[in-house]
Amino acid sequence: MTQLAPSILAADFGHLASEVQACEQAGAQRLHVDVMDNHFVPNLTMGPDVVAACRRACRLPIEVHLMVERPDGILPAFVAAGAGLLTVHYEACPQLHRSVELVRRQGARVGVGINPATPVASLVDILPEVDLALVMSVDPGFGGQDLLPSSLGKVRRLVRLLEEMRLSCEVELDGGVDAANAAECARAGATVLVAGTAVFHAEGGTGAGVTCLLERLRGASGGAA
Ligand code: DX5
Ligand code: ZN
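Residues numbered from 1 in each chain as written. Chains lettered and ligands numbered in written order. Predicted model: local features only at pLDDT ≥ 70, side-chain atom pairs only at ≥ 80, totals over all residues. Heavy atoms only, no water.

Colleague: I would appreciate a short explanation of the overall build of the protein in the present structure.
Modeller: The number of helices and strands found in the protein is 8 helices and 8 strands. Here the C-alpha radius of gyration of the protein, 16 Å, is about what a compact globule of 225 residues would show, namely 17 Å. When its C-alpha atoms are laid out on the principal axes, the protein stretches across 45 × 35 × 30 Å. Taking contacts inside the protein between residues at least 6 apart in sequence as the whole, the part at least 24 apart equals 67%. For the protein, the exposed area adds up to about 9,500 Å²; of that, 50% sits on carbon and sulfur atoms. Within the protein, the 25 negative side-chain charges are centred at a point lying 6 Å from the centre of the 17 positive side-chain charges. (Helix = DSSP H or I, 4+ residues; strand = E, 2+ residues; numbered from the N terminus. Rg over C-alpha atoms; globule rule 2.2 N^0.38 Å. Contact = heavy atoms within 4.5 Å. Areas by Shrake-Rupley, 256 points an atom, 1.4 Å probe, with all protein chains shown as cover. Lys, Arg positive; Asp, Glu negative; His and termini not counted. Charge placed at Lys NZ, Arg CZ, Asp CG, Glu CD.)

Colleague: How do you make sense of the coordination of the zinc ion (ligand 2) when you look at a structure like this?
Modeller: Geometrically, a metal with four donors at the corners of a regular tetrahedron has ideal angles of 109.5 degrees, and one with six donors at the corners of a regular octahedron has ideal angles of 90 or 180 degrees. Within the protein, the atoms that donate to the zinc ion (ligand 2) are H32 (NE2), D34 (OD), H65 (ND1) and D174 (OD), at distances of 2.1 to 2.2 Å. In the primary sequence, the donor residues of the zinc ion (ligand 2) line up as H-x1-D-x30-H-x108-D. With H65 in strand β3 (residues 62–67) and D174 in strand β7 (residues 170–174), this pair connects stretches of sequence that are 109 residues apart. Looking at D174, the relative accessible area reads 5%, which means it is buried. (Donors = N, O, S within 2.8 Å, 3.2 Å for Na, K, Ca; no water. Buried < 20%, exposed > 50% of the residue type's maximum accessible area, 1.4 Å probe, protein only.)

Colleague: Hey, could you run me through the site of ligand 1 in this one?
Modeller: Surveying the vicinity of ligand 1 reveals 20 residues, the closest of which are D34, G141, D174, G196 and T197. S7 has a polar side-chain atom sitting 3.1 Å from an oxygen atom of ligand 1. G196 places a main-chain nitrogen or oxygen 2.7 Å from an oxygen atom of ligand 1. Expressed as a share of its isolated accessible area of 380 Å², the protein-covered part of ligand 1 is 99%. For the shell around ligand 1, the elements supplying multiple residues, two or more each, are β2 (31–36), β3 and β8 (192–195). Considering each element in turn, the shell around ligand 1 owes the most residues, 3 residues, to β2. Taken together, the residues of the shell around ligand 1 sort by class into 8 nonpolar, 10 polar and 2 charged. (Near = heavy atom within 4 Å. Polar contact = N/O pair within 3.5 Å; in protein donor to acceptor, adjacent residues only side chain to side chain. Nonpolar A, V, L, I, M, F, W, Y, C, P; charged D, E, K, R; others polar.)

Colleague: Looking at this structure, I do not really get the pairing of β8. What am I missing?
Modeller: Strand residues, when the strand is regular, have side chains that alternate between the two faces of the sheet. The two faces of β8 match: V192 and V194 on one face and L193 and A195 on the other face are all buried. Pairing of β7 with β8, which is carried by 3 bridges, proceeds in the parallel orientation. Bridge pairing links D174 to V194 in β8. In terms of handedness, the path from β7 via helix α6 (residues 182–188) over to β8 forms a crossover that is right-handed. (Pairing = 2+ DSSP bridges. Right-handed = clockwise from strand over helix to strand, strands pointing away.)

Colleague: Sorry if this is basic, but what is going on with the sheet that holds β2 here?
Modeller: The strands making up a sheet associate through backbone hydrogen bonding, with each pair oriented either parallel or antiparallel. The strand order across the open sheet formed by 8 strands is β1-β8-β7-β6-β5-β4-β3-β2, and the pairing between neighbours is parallel. Single-partner strands in this sheet number two, and they are β1 (3–6) and β2. Mean inter-strand twist for the sheet, computed between neighbouring axes without regard to direction, equals 25 degrees. In terms of strand pairing, strand β4 (residues 85–89) meets strand β5 (residues 109–114) through 5 bridges, oriented parallel. Bridge assignment links T87 to a residue of β5, and that residue is G111. In the packing of helix α4 (residues 96–105) onto the sheet, the strands contacted are β4 and β5, and the crossing angle to β5 comes to about 150 degrees. Taken strand by strand, helix α5 (residues 150–164) contacts β5, β6 (132–136) and β7, and its axis lies near 170 degrees from that of β7. (Axes fitted to C-alpha atoms, helices over the stretch in contact; angles between N-to-C directions.)

Colleague: Would you explain the nonpolar core in this entry?
Modeller: One broad trend across soluble globular proteins is that nonpolar side chains are buried collectively. With 70 residues, the main nonpolar core has I8, L31, V64, L66, L86, L127 and L173 as its most contacted residues. When neighbours within four sequence positions are excluded, L66 is seen to be in contact with V35, I74, L75, F78, L86, T87, V88 and H89. (Core = buried A, V, L, I, M, F, W, Y, C linked by side-chain atoms within 4.5 Å.)

Colleague: When you look at the environment of A180 in this model, what are you seeing that I'm missing?
Modeller: Position of A180 relative to the elements: it lies in the loop between β7 and α6. Since its relative accessible area comes to 75%, A180 is described here as exposed.

Colleague: Looking at this structure, how should I read the pairing of β4?
Modeller: Counting buried positions along β4 yields 5 of 5 residues, so the element is predominantly enclosed. In β4, alternate side chains face the same way, and those of L85, T87 and H89 on one face and L86 and V88 on the other are all buried. Two strands pair when backbone bridges link them, and β3 and β4 are joined in this way by 3 bridges, in the parallel orientation. Looking at β4, one finds that V64 is bridged to L86. Crossover connection from β3 via helix α3 (residues 75–81) to parallel β4: handedness right-handed.

Okay, here's the thing in structure tokens:
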């Protein structure tokens, strides 16, 4: 079944521990931490200390989405803080292969992300080196945006490319995922869905938001666990 990664960017930071615990108790499989540097994207968010706070608050695997120009220097601090997977952006890393290797040398899993206008084909030479490929379904920088419908075609193209290359790599869709489109995103081939607003701004609270999305994903996989 497709996994759910709540993005804490949309969480109430005055109650971050209880928010991530609600995600864990409701069955989310991992936490998604959006790191932004106000250079690669027009927003500034959080650093390794927030990852460490999430690490203290729950046992969920933590993935860090680095929307950061030239992230090499900051990678070790996120792993030391408890991140198990670091995703860097194709567009932000002039030496992408070196950045991917650097994450591996820190002992973490590694992902590569592409923005809406970046073709899936751009990833062909790095896909053999990564554990996850992230397709942005919104322009990066902010939560609460609508999913770009064209991103589902990108997910399908990425899945086909991975099949052709005989690679097994997670396919993550990030941005604008909600209860209305989650099943379709899963059927397109995404193995991980990121959701911020649909989880942390859900009617009935964070736990209900996670439960609702997981129900949609179970339905999309024919009820499999
Ligand atoms: C946007 C981030 C996404 C975003 C998801 O740049 O990468 O992870 O926080 O939030 P929603 O689900 O509200 O679009
Ligand atoms: Zn993200």
